[in-house]
Amino acid sequence: MTINILFRLLGSLALLIFGMKMMSEALQKMAGPKLRHILARMTTNRFTGMMTGAFVTCAVQSSSATTVMTVSFVSAGLLTLSQAISVIMGANIGTTLTAWIMSLGYNIDLTMVVFPAFMVGMMLIYKERHKYIGDFLFGVAFLFWSLVMLSTAGKDLDLEHNASIMNFFASVDTSSYVTILISLAVGTIITCIVQSSAAVMAITILLCSTGVLPIYMGIALVMGENIGTTATANLAALGAGIDARRAAMAHLLFNIFGVIWVLCVFYPFVDMVCQIAGYDPTQAGQAEKLPIVLSLFHTCFNVLNTAVLIGFIPQIERAVKLIIKDNPQKESVSRLQYIGKGLMATPEISVLQAQKEIVHFAERMQRMFGMVTTLLDERNKKEFERQYNRIAKYEDIADNMEIEIATYLDKVSDEHLSDDTKRKIRHMLRQIGELESIGDANFKIARTIQHRKDSREDFSELQYTHLHDMLRLVNEAITQMMVVVSGRREDLSIEASKEIEHEINTLRDQLRAESQHDFDQEEYSYTIGSLYVDIINDCEKLGDYVMNVVEARLGKHFLTFQGLQVNLDRKTVTIDGTPTSLTPTEFELLCLLLQNRGQVLSRQELMDHLWADVIVTDRTVNVNITRLRKKLGAYATHIVNRQGYGYLFEDN
């Protein structure tokens, strides 16, 4: 019988943890970006930061979730260390609501809530618009159901009539600080192992409500839970940035300091709380009041600790900086700044870290373009080589950053995400792909400049002027791209980027025509003319990649090449602003070629992609290519046939 009750207790605790996790995740998905903006914006001073932490923790019912979010924000550079400390203080206050809900479960029959919540949740969970509300109600139902089962299992254990257990706890001297310290250590260790202060709090309330566990030991366990719960954030911060580790350490110091000062006045403080709750520790019985006493102590402890320490946030900040010192060694330039290998925060927040890393990626590509611009005018041989090697190194960095950010986003994608976040991840994957292409284009321009240097010929003064005009326009496009990538989508427009792209295309056409005329007039050699046009073409391509980043960031799903634009959402094609009608097969064929621009696709690959369930021949591919070319006008020449193999969309 005892084994059966033990399994019921363990199952109830598992259901409690699952219910709270389900509630927390559902609320985070419902809030989505709003929750992130609340944490990022409502921390203008220590008091608003504290209230924000309390509010968010009450909402998601998990101080660990709020703390890990906060650590993630520090890692992503969205919160300063002092702001994070104030939010963590508020999270400690917010988590006391969980204890009150649990104590309610031992005094009120919650089954009247459980089954209606299940019924309504089941109705909503299959509706796309309200499925997260359904998930939340399921979490509430599981939470309350677990409390009902814990209460029932605790009564069935009948520990108050177990002589050996009662004699053991009766023999413990609760007036000794040794007993209190042992209980505190036990609460800390169990919470570190279980990784859920709510589960340990539930066990404590259960043991106290049966009258077995003395109130002083129960309160010592609660104090230990406050220290043990900091392990979650500290584990999450391993491998993260130094400020993230400091924020997690501040959480630990905050709770340790609170435990120390409460221990100094332990018995008077506990007696005061008991008096407020109407409980007399010297009298037997009154076990039904003990859950209220524990919840009240938990609240008083965290509120008073915050009131004492909120004025000392600068000192706490200095203390954690002394404990976790700055790393004097210079980090590798290829290391990501905001994404740590060991830090996987709540999935919705992880997207913010990745977006911050994308901004960092874009900044590096902007610096790389600046190096290319400098390289064009460099005359010193040694400095030229040094600059060229830096550009080559940045090209390797771009390749590595694309892989590392994509890997991180793949991990985030494995979690349960809102539909909005899933769309963002798709757009972000496209952004990093285009940013890597910007790096390739930069390096290609640098190689062309090196070929010009090796040829022992030089561009004319007029050619240099034209190249600087083109580079200036591309620089404007990249600058505008940085505005879009680092800003809020709601406040941004695509029009400025489109205007610059149009200017780049117009200048490209003008310079190519002039170059052909000058070559016909034998004003320069074929080699110099070819290198000059290559740089112009590569600058135009770079502008296309920049435009693609802007479109991806703003959620516009386009494929563009010069004046050819494909809207993947509306399935429309425009050529130099004029709409063009394509059949569904022709549209898919064009998209496939554009997405793999510069890469030869075999006829078999095209057939497998476009006619997966239909038996077709090479002739079918050739016929559709011919029809597509007729509709693309001047852009038809870019679809090139590789005899005996397949087709590609060629840039030049």
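Because the structure is predicted, anything quoted here is derived from the model rather than measured.

(A) Examining the sheet that holds strand 7 (residues 646-649) more closely. Read across the sheet, three strands follow the order 5-7-6 without closing on themselves; strand pairing throughout is antiparallel. Edge strands, defined here as strands with exactly one partner in the open sheet, are strand 5 (601-602) and strand 6 (639-642). With four bridges connecting them, strand 6 and strand 7 associate as antiparallel partners. Of the residues in strand 7, the one forming a bridge with Ile639 is Phe649. Its contacts with the sheet place helix 24 (residues 584-595) against strand 5, strand 6 and strand 7, and it is angled at close to 70° to strand 7. Helix 26 (residues 618-632) rests against strand 6 and strand 7 of the sheet, and its axis sits at about 150° to strand 6.

(B) Structural detail: the packing of aromatic side chains. The final tally for this structure, using the stated rule, is 16 aromatic pairs. When the centroid spacing of 5.9 Å and the interplanar angle of 85° are considered together, the rings of Trp261 and Phe269 count as edge-to-face. Residue Phe269 is classed as buried on the basis of its relative accessible area, which comes to 7%. An aromatic cluster is defined as three or more aromatic residues linked by ring pairs; in this entry it consists of Phe18, Phe118, Phe138 and Phe142. Over the aromatic face of Phe384 sits the side chain of Lys453, whose NZ or CZ is 5.2 Å from the ring centroid.

(C) Expanded view of the side chain of Gln450. Along the polypeptide, Gln450 turns up in helix 20 (residues 419-454). The exposure class assigned to Gln450 is buried, which follows from its relative accessible area of 17%. At 3.4 Å, the side chain of Gln450 and the side chain of Tyr388 are in polar contact. Contacts of Gln450, omitting those with residues within four sequence positions, involve Phe384, Glu385 and Tyr388.

Calculation notes
- Residues numbered from 1 in each chain as written.
- Predicted model: local features only at pLDDT ≥ 70, side-chain atom pairs only at ≥ 80, totals over all residues.
- Heavy atoms only, no water.
- Pairing = 2+ DSSP bridges.
- Helix = DSSP H or I, 4+ residues; strand = E, 2+ residues; numbered from the N terminus.
- Contact = heavy atoms within 4.5 Å.
- Axes fitted to C-alpha atoms, helices over the stretch in contact; angles between N-to-C directions.
- Phe/Tyr/Trp six-rings, centres within 6.5 Å; stacked < 30°, edge-to-face > 60°.
- Buried < 20%, exposed > 50% of the residue type's maximum accessible area, 1.4 Å probe, protein only.
- Lys NZ or Arg CZ within 6 Å of the ring centre and 35° of its normal.
- Polar contact = N/O pair within 3.5 Å; in protein donor to acceptor, adjacent residues only side chain to side chain.

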